[in-house]
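Architecture and fold: a report
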Amino acid sequence: MRNKLIAAFACTTALVSTGAASAADLAARPYTKAPAYIEPLFNWTGFYVGGHIGGAWTNEQFINNGNSGGFGDLVPGQGYRQRGAGVMGGAQIGYNWQANNYVFGMEGTISGLDNKGSFTNTAFGAGDDVFSWRANVLATVVGRAGFAVQNNLFYIKGGYAGVNNRLSVSDTVGPFTGSGGQTHWANGWTVGAGWEYGVTRNWIVGLEYNYAAFGSQTYQLGGTTTSYTFDAKPRDIQWAVVRASYKFDAPVIARY
């Protein structure tokens, strides 16, 4: 009986020792960190719409194109150039496509201007001949190319520009008197550069500078004794604006 008890005790001790040894031999569970948050890159691809506001400067030029008559007291070949500035504002719509860090796009804008001026010709009299001009609507259709650095986009642009331009004159002292005015749409080209910043996934703000030049149009100004025509144009328009646009959602690009 004694021998059986000793054997049972020895067996139990062996089992306990074996279990403890097995537990000691188990490898520790490896520690795994939670995956880090991956911030998505700003994606410039997509349609956008927005508005802009700023200032514009117009250099207006008008010259008697050679018709006979002294209406306005300017002989053929004479004319003036005058500069005027004002507030401008309007809207833009466009589309961007991004390939790696390069961004290409098309954009159209329409803006209202308050650029105007007047000039009193005193060459033949006490200042009875008053010329006035106004550039009040500007439109552009351009291509854009830029380089993106995360939420920043630096770009250049170029393409078509057109402006609505009016010229008028009033001559109240003879021998040639009368008054008249005419409005034309002048076509030209534009170049510019700018910077934009993606504030959120959809909202973009930016700064932009542009230059545009235009061709001449012939303006027929009526007088009581003779016809009187000018070759006139907004010789150039420059404008600087701040912009804000809403970009519609595009696929998210993740950074790994």
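Residues numbered from 1 in each chain as written. Predicted model: local features only at pLDDT ≥ 70, side-chain atom pairs only at ≥ 80, totals over all residues. Heavy atoms only, no water.

Another aspect to go through is the confidence of the model for the chain. Confidence in the prediction of the chain, expressed as mean pLDDT, is 82, and 72% of residues score 70 or more. By mean pLDDT, strand E11 (residues 253–254) is the weakest element of the chain at 48, and strand E8 (residues 203–214) is the strongest at 97. (pLDDT = per-residue confidence, 0-100. Helix = DSSP H or I, 4+ residues; strand = E, 2+ residues; numbered from the N terminus.)

Counting 13 residues, the largest nonpolar core has Met88, Leu113, Leu138, Val163, Phe214, Ile237 and Trp239 as its most contacted members. Sorting the residues of this core by element identifies strand E5 (129–149), strand E6 (152–171), E8 and strand E10 (227–247) as the ones contributing at least two each. Ranked by residue count, the leading element in this core is E10, at three residues. In this view, isoleucine 237 contacts Trp57, Thr58, Leu113, Val163, Asn210, Tyr211, Ala212 and Phe214; residues no more than four positions away in its chain are not counted. Core analysis: the next-biggest nonpolar cluster, separate from the first, contains 11 residues, Phe131, Tyr219, Leu221 and Tyr228 among them. (Core = buried A, V, L, I, M, F, W, Y, C linked by side-chain atoms within 4.5 Å. Buried < 20%, exposed > 50% of the residue type's maximum accessible area, 1.4 Å probe, protein only. Contact = heavy atoms within 4.5 Å.)

Within the structure shown, the criterion is met by 12 salt bridges. For the salt bridge of aspartate 114 with lysine 116, the shortest nitrogen-to-oxygen distance reads 4.0 Å. Among the salt bridges present, the one from arginine 201 reaches aspartate 249, with a minimum N-O distance of 3.5 Å. Placement of arginine 201 in the loop between strand E7 (178–198) and E8 and of aspartate 249 in the loop between E10 and E11 is noted, with a sequence separation of 48 residues between them. With relative accessibility at 53%, the residue aspartate 249 sits in the exposed group. Linked by salt bridges that have partners in common, Glu107, Arg144, Lys157, Glu196, Glu208 and Arg243 make up one network. (Salt bridge = Lys/Arg side-chain N within 4 Å of Asp/Glu carboxyl O.)

The next point concerns the side chain of glutamine 92. Note on placement: glutamine 92 falls in strand E3 (residues 79–99). Separated by 2.7 Å, the side chains of glutamine 92 and histidine 52 make a polar contact. Among residues more than four places away in sequence, those in contact with glutamine 92 are Tyr48, Val49, Gly50, Gly51, His52, Glu107, Gly108, Thr109, Arg243, Ala244 and Ser245. (Polar contact = N/O pair within 3.5 Å; in protein donor to acceptor, adjacent residues only side chain to side chain.)

What follows concerns the pairing of strand E4 (residues 102–121). Both E3 and E4 contribute to a ladder of 12 bridges, which runs antiparallel. Bridging from a neighbouring strand, asparagine 96 pairs with glycine 105 of E4. Connecting E3 to the next strand, E4, in antiparallel fashion are two residues, including asparagine 100 with a positive phi near 55°. Bridging between E4 and E5 involves 18 bridges; their strand directions are antiparallel. Residue pairing across strands places asparagine 115 opposite alanine 135, the latter belonging to E5. (Pairing = 2+ DSSP bridges.)

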